[in-house]
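# Commentary on secondary and tertiary structure
Spelled out from the first residue to the last, the chains are:
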Amino acid sequence: MTQIRVLRPGDEPALEAFLLPRIETSMFLLGNMRAAGLEDHGQHLQGTYVAAFDGNQIAGVVAHFWNENLILQAQAPVQIDALCRAAIEASGRKLMGLLGPAAQVQAVKKAFDLSEDVIQMDETENLYSLRLADLSVPEGLRSGRLTGRRIEPGDVEQVTEWLVAFSLEALAEEEGPQLWELVRSGVERKQGQGLTWILHDCGNPVSTSGFNTRTAEAVQIGGVFTPPELRSRGYGRAAVAASLLDAREEGVQSSILFTGVENIAAQRSYEALGYR
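Every value quoted in this text rests on a predicted model; they were computed, and no experiment measured them.

### Focus on the nonpolar core
If you look at the biggest cluster of nonpolar residues, it comprises 30 residues, and the most contacted ones within it are L141, L199, F211, I221, V240, L244 and Y275. Mapped onto this core, the elements with two or more residues apiece are β6 (125-131), β8 (196-201), β9 (204-214), β10 (218-225), α8 (235-249) and α9 (264-273). Here this core takes 8 residues from α8, the largest share from any one element. L38, V61, A63 and I71 belong to the second-largest nonpolar core, a separate cluster that totals 20 residues.

As structure tokens, then:
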């Protein structure tokens, strides 16, 4: 008989055993749990995790995070809508976003009867992975014309400006002081954690990339942006490669990313680095 309950400290080994074989679609769940634990006080990266147990083994998990996003990872025949309802009830938060394998997200949308007029963004993306040993390094980085490094405090304003533009273009956000404050605080936090890179061409800043989550096993790419007037020059690809070279030196073995099924330019760029 399947049992559904909130996970508590001490459940980490069972959750890891479930998520690690599914790491390519579980990076947020795994990375956030390792970084912030299973207790939920509403702080950054914290969430309320609810799992379905088959005996002593987890068969599905949903987490409702501090930012009101619900992240899914469940196996049939787990009743994923019951997991979601239990997580929302336990967290006491509103539901502002759904992330997970596409079929699972669609099932929850249907079960919750979410109408299209309340949905700001709804996108299915392709999943790409890369063994970092197989990374194809762009010529500009090899020659030294392009250089990439982790951002420093002096880069925060430039990267904030770019990522506000990214939020408007890719995430359908509304421009305003709240967005600028949210993006800047995220850039400052990631600068402190060493999770964002900036690319220079002959000393001029041209692109940014970063990791939206990282584990010992893998890094997940997020926040790649090149200003429109500088696109089609391979800058975004080189920014990603620079971050991966550093991750590889630090012992990470693989990388994961998602990109829209209709974003052919991005797909070609990532495939040129070796992503499949």
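### So, the sheet that holds strand β4 (residues 69-74)
Whether parallel or antiparallel, the strands of a sheet pair through hydrogen bonds between backbone atoms. Taking strand neighbours across the sheet as the criterion, the 5 strands line up as β1-β2-β3-β4-β5 in an open arrangement whose pairing is mixed. Pairing within the sheet leaves two strands with one partner each, and these edge strands are β1 (2-6) and β5 (97-99). Strand-to-strand twist across the sheet, computed as the mean angle between neighbouring axes with direction ignored, equals 20°. The pairing of β4 with β5 spans 3 bridges and is parallel. Across the sheet, residue I71 finds its bridge partner in β5, namely L99. Where helix α1 (residues 12-19) meets the sheet, its contacts fall on β2 (47-54), β3 (57-65) and β4, and the angle it forms with β3 comes to roughly 100°. Each of β4 and β5 touches helix α4 (residues 102-112); the most contacted strand, β4, lies at about 120° to it.

### Some words on the environment of S26
As for its placement among the helices and strands, S26 is situated in the loop between α1 and α2 (27-36). Distance from S26 to G100, taken between C-alpha atoms, is 8.0 Å for residues 74 residues apart in sequence. Beyond its immediate sequence surroundings of up to four residues, S26 is in contact with L19 and Q73.

### Side note on the packing of helix α3 (residues 80-91) against α4
Closest axis-to-axis distance for the α3/α4 pair is 9 Å, and the angle between their directions is 70°. The angle between the axes of α3 and α4 places the two elements in the roughly perpendicular class. The residues of α4 that touch α3, namely those facing I80, D81, C84, R85 and I88, are Q104, A107, V108, A111 and F112.

### Examining the side chain of T226
Here T226 shows up in the loop between β10 and α8. Separated by 2.8 Å, the side chains of T226 and S207 make a polar contact. Excluding residues that lie within four positions of it along the chain, T226 makes contacts with V206, S207, R231, Y235 and G236.

### Side note on the environment of E249
Residue placement: E249 occurs in helix α8. Along the backbone, E249 and Q193 are 56 residues apart, and their C-alpha atoms lie at a distance of 17 Å.

### A word on the sheet that holds strand β7 (residues 146-150)
Here we have 6 strands laid out as an open sheet, ordered β6-β11-β10-β9-β8-β7, and mixed in their pairing. Each edge of the open sheet is held by one strand with a lone partner, namely β6 and β7. Strand-to-strand, the axes of this sheet are offset by a mean angle of 30°, without reference to chain direction. Sheet topology note: the β6/strand β11 (residues 254-260) ladder contains 7 bridges and is antiparallel. Bridging from a neighbouring strand, S129 pairs with I256 of β11.

### Considering the pairing of β11
Counting buried positions along β11 yields 5 of 7 residues, so the element is predominantly enclosed. Relative to β11, β10 is paired through 3 bridges, and the arrangement is parallel. Among the inter-strand pairings, V219 is bridged to a residue of β11, identified as S255.

### Notes on the pattern of salt bridges
A complete count under the given rule lists 12 salt bridges for this structure. When the shortest N-O distance is used, the salt bridge between R149 and D155 registers 2.7 Å. What makes R149 partly exposed here is its relative accessible area of 29%. For D155, a relative accessible area of 10% gives the class buried. Within this structure, E16, R34 and E217 form a network of salt bridges that share partners.

### Considerations on the pairing of β4
With 5 of 6 residues buried, β4 lies mostly within the body of the structure. Across 5 bridges, the pairing between β3 and β4 is antiparallel. Across the sheet, G60 pairs through a bridge with A74, a residue of β4. Linking β3 back to β4 in an antiparallel pair, the connection comprises 3 residues, with E68 at a positive phi of about 75°.

Rules and cut-offs
- Residues numbered from 1 in each chain as written.
- Predicted model: local features only at pLDDT ≥ 70, side-chain atom pairs only at ≥ 80, totals over all residues.
- Heavy atoms only, no water.
- Core = buried A, V, L, I, M, F, W, Y, C linked by side-chain atoms within 4.5 Å.
- Buried < 20%, exposed > 50% of the residue type's maximum accessible area, 1.4 Å probe, protein only.
- Helix = DSSP H or I, 4+ residues; strand = E, 2+ residues; numbered from the N terminus.
- Pairing = 2+ DSSP bridges.
- Axes fitted to C-alpha atoms, helices over the stretch in contact; angles between N-to-C directions.
- Contact = heavy atoms within 4.5 Å.
- Parallel < 35°, antiparallel > 145°, perpendicular 65-115°, else oblique.
- Polar contact = N/O pair within 3.5 Å; in protein donor to acceptor, adjacent residues only side chain to side chain.
- Salt bridge = Lys/Arg side-chain N within 4 Å of Asp/Glu carboxyl O.

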